[in-house]
Each structure stands twice: as C-alpha cells, then as structure tokens.
Amino acid sequence: MRPIFALVDCNSFYASCEQVFDPRMRDRPVIVLSNNDGCVIARTAEAKAVGIKMAEPFFEQEELILKHDVQVFSANFTLYGDMSNRVMETLRQFAPRMEVYSIDEAFLDLAGFRGDLAEYGRKIRSTVRRWTGIPVSIGIGPSKTLAKVANRIAKRDAEQRGVFDITDRPDAGELLDRIEVGDIWGIGRRYAKLLNRHGIYNARQLRDAPDKFVRQHMTVMGLRTVTELRGEPCIRLDDVTHDKKNLMSSRSFGRPVRERADLEQAVAEYASLASEKLRRQQSLASLVHVFVETDSFRDGPQYRNFATVGMAMPSSYTPDLIRAAHQGLDRIFRPGFDYKKAGVMVSEVVPAATVQLDAFGRDGGVTVKRSVMRAMDAVNARMGRNKVFYAAQGTDKTWGMRQKRLSKRFTTDWDQIPTVKA
DNA sequence: TCTGGGGTCCTAGGACCC
DNA sequence: TCTGGGGTCCTAGGACCC
C-alpha cells in the first residue's frame, strides 16, 4: 500500500498554550521566552508581523516589545507538556498509527485512506481546535519530507486554511520552486550554504540534483532527503517510544556563581532531575558527566570543563547520581571564575529490568532504593515538583533561573486551576 | 543587568586483534 | 629488500532536529 503521511504541527505552540488560558491574549502579539528569560522561543503570527525575531535575545527586542505592547511569558514547560498530551490524544483518534515527533508535532499514517485527504485534514484541525484550543497546520504527502513541505505551504498560504495536500499534484515542481532549500527538513544552515554555492537554491533544484553529488557532499542522510523529495518514502513512521540513550539536565544561572557551595547545589539539583528522567523511562545509567562553564558572552577569564564519573552499578537512585556528580565537580571546579552554567548528563543507559547482581549476589540495595524513589516520585507527582528533595539541592537556590513572567500551571496543579467568575 | 535546553545520527581515523 | 588485509570498537567532531 502506498504510504501517505500527514504532519500535524501546532502553530506557535507555547504562545498558543498561553492564549488558551488567557482570552485577553487572543489575536495579540504574544511571545514565550526560553529558560532564564533569555531568548524568544515562540511567537504568534501577530508578534512575527511586528518584527519580533525567533531565537534572538529578549533584551535586544525590548523596544519593539514595548512599542507594540507584545505580551511576554516565561517558559512554562509543565503547562506545555500537559497541553501537548491533550493534543496528541486527540490526534490519535484520526489514524491507526501515529508518531509523536516532538512536543508540538506528530506524523499520522493515512495509508489506505479513501476520500478527500485535505477535507479529512480540515476535520482533524477543527477537532483539535475545539477540544484543546490549540490551532494546528497540517501537511499531507507521500513521504515525511514532502509532508513537511506541504505543512510549510499550509502555514504560508492563507487560502489553504491550514491544510495542504501535496500528493499527486501535477504542479509539484512549481510548488517546490517556492520552497527555499534551507527550509527543507534535514537541510540546516551549513548544507543550505553549501548547496547555494553549487547553484541549488530551492527544493526543486535539490530534488533534481544528481545522487552522486548529494551523496558526496551530504552523506547518506542527504540522499535520503532528496529521495523523499522525489516522492519515494525512505523514512518510516516510527510509532514505538524509544528510551533515550543520553539524558541531560542543565540550566544557565540567574546570576554569575563563584562559590563552590552554590555549584554543588546546582549540580545536585540537575543530578536529581536526571535521575527522575531515568526513572520515568524505567532506565538506569552507569556514567555521569558533569560540566561547568563561564559566560562566553562576557569579557573576563573563561573556563569550561567536564568530567565523567562511572558508577559501580547502573543506577537511577538520586543519591547515587548526586554523589557521582559531586565527584565530577571536585575534579573540574576551579575557584575564581564567574560560572554561568552547569549541567549533568547520564549515558550508558540500560533498561532497569536488566540490573545485574554483583559477584557476591548482592543487589547493592537496589530493592530498598527503588521503593524510596517510588515513594518520593509519588509525593512529587501529587503535590508538585520538588516538594520532597535532597538537602544537597539547597533550599535558597540564589543561583536559580529568572522567570519573571511565568503563567500558572493551569492544568497540573489543583491550587492553580483557573476559576470562572459568575 | 539580560544571549535556552534538550536530543539524534553519521563519518573518519586510530587502536587493537588475528 | 620485501612491509597484508580484514575486522571491531571507540572517540571526536560535524551535521541535523525541535
């Protein structure tokens, strides 16, 4: 059966989430900032129209923001994660198979669908809007890459009303003419530049480029993209969830940090977050990597370093990871620097079920540790994140991130559910 | 004053083995 | 003087994604 993919993509997702819970924000320029209120990571069409740039620093755009009364929010990932689940659950009803590709995107498998695909797309779109409040755009095509292209057209051309089907279009060539090569899924800045140097500027030119040229300059990955542009699918729909092979937890600090004690707290906090992520996917890790770095945007002495610490047995037990992270920090901490960021990554991740006994048949206390963690996760799930935590994480957290414009956790915390006044 | 935080895959080259 | 040929594993770096 001929594959047909639909790519459903939420429009300016984080900003849309904020609009759902605050009707005053509808039809207004709204933006959402990255952690630490650093960069713009989402903007509504209205914000784009007044010239707000994506991924650019917030402080550089403050003038524009004041002038156009742009509404600004700190990132509220708890809210976005929950809204994402609602959107995905809604989408699931429209296709036998679905791949959740990112927090705001999913591929649907529409192979074998009989009827008008674009019409079906519009039905999906209006249902998601009605059930979750989130606007989406939908691209439909014979390969994932072409579904992505169609999605761009759906977003760009207002007359498509948010849905575009590129399958069996006799004018596919002209449509691809209007897609810049750098806007193709899989073609980043570097490849776009390289292709431009060789006279390839749009999707049609890339589609028609010789295999040998593509293979030589862009490896097999590039060749896959080109094949997909030709309408021959080679990236399959992947509907099983894979365990992450690496898990990272890192943050920039709200202020420069000099004291070792503060770094120890921060690193403990990140190790604890990494442990939680491991437990959520029922995995254990045996390597813990710690890194610290100064602020490269500022003058002054710069330092960055990382250390890797192996644990005796794979673990997801928070104190094990905190201990390893502190060992790593011991190795790389140098006094006298203004640190801006630190992080903890874990690797050599294995499923928890495969845990081995040591040579003496002991389980290293795994059973006890597991019940402690289960209890802690249960309390935190119910009462709110970090209600129970380790003292090493610190209680004052003066290094914590700036989030001046945080919305409430409308959907995941009983105390913050919106109320309607009669 | 203020510049995010995650992930994946592929390739080339070196170490090492037989 | 002649100076093999494969294979595997690991790592660093480069590209991409959201």
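Everything numeric in this text was worked out from a predicted model, so none of it was measured.

Novice: Please explain the sheet that holds strand 4 (residues 71–74) as it appears in this structure.
Specialist: Each strand in a sheet pairs with its neighbour through backbone hydrogen bonds, running either in the same direction (parallel) or in the opposite one (antiparallel). Reading across the sheet, the three strands line up as 3-2-4 and stay open at both edges, with mixed pairing between neighbours. Two strands bound the open sheet, and with one partner strand each, they are strand 3 (40–43) and strand 4. Neighbour-to-neighbour, the strand axes of this sheet turn through a mean angle of 25°, independent of strand direction. Here strand 2 (residues 30–33) pairs with strand 3 via three bridges, running antiparallel. Paired with Val-32 across the two strands is Ala-42, which belongs to strand 3.

Novice: Just to check I follow, could you spell out the side chain of Ser-16 for this structure?
Specialist: Of note, Ser-16 is situated in helix 1 (residues 13–21). Setting aside anything within four residues of it in sequence, one finds Ser-16 in contact with Asn-11, Ile-134 and Pro-135.

Novice: Help me out: how do you make sense of the protein's contact with DNA strand C in this one?
Specialist: Around DNA strand C, a shell composed of 13 residues is seen, among which Glu-105, Lys-148, Gly-186, Gly-188 and Tyr-191 lie nearest. Backbone atoms, meaning sugar plus phosphate, form 100% of the atoms of DNA strand C positioned within 4 Å of the protein. Taking Glu-105, its side chain carries an N or O atom lying 2.9 Å from a sugar or linking oxygen of DNA strand C. Residue Tyr-191 places a main-chain N or O atom 2.8 Å away from a phosphate oxygen belonging to DNA strand C. Among the secondary structure elements, those contributing two or more residues to the surface near DNA strand C are strand 5 (98–102) and helix 8 (189–197). Residue composition of the surface near DNA strand C, grouped by class: five nonpolar, three polar and five charged.

Novice: Looking at this structure, I do not really get the environment of Lys-408. What am I missing?
Specialist: Note on placement: Lys-408 falls in the segment after helix 13 (366–383). With residues up to four places along the chain from it excluded, the contact list for Lys-408 reads Asn-76, Leu-79 and Gln-416.

Novice: What exactly am I supposed to notice about the packing of helix 1 against helix 4 (residues 77–92) here?
Specialist: Axis angle and axis distance: for two packed helices, these are the angle between their axes and the distance between the axes, and together they describe the pair. Helix 4 packs onto helix 1 with a crossing angle of 90° between their chain directions and a minimal axis gap of 10 Å. Here helix 4 runs roughly perpendicular to helix 1, going by the angle between their axes. Across the interface between the two elements, Phe-13, Tyr-14, Cys-17, Glu-18, Val-20 and Phe-21 from helix 1 touch Phe-77, Leu-79, Tyr-80, Met-83 and Ser-84 from helix 4. Considered class by class, the residues forming the contact of helix 1 with helix 4 number nine nonpolar, one polar and one charged.

How each quantity is defined
- Residues numbered from 1 in each chain as written.
- Chains lettered and ligands numbered in written order.
- Predicted model: local features only at pLDDT ≥ 70, side-chain atom pairs only at ≥ 80, totals over all residues.
- Heavy atoms only, no water.
- Pairing = 2+ DSSP bridges.
- Helix = DSSP H or I, 4+ residues; strand = E, 2+ residues; numbered from the N terminus.
- Axes fitted to C-alpha atoms, helices over the stretch in contact; angles between N-to-C directions.
- Contact = heavy atoms within 4.5 Å.
- Near = heavy atom within 4 Å.
- Polar contact = N/O pair within 3.5 Å; in protein donor to acceptor, adjacent residues only side chain to side chain.
- Nonpolar A, V, L, I, M, F, W, Y, C, P; charged D, E, K, R; others polar.
- Parallel < 35°, antiparallel > 145°, perpendicular 65-115°, else oblique.

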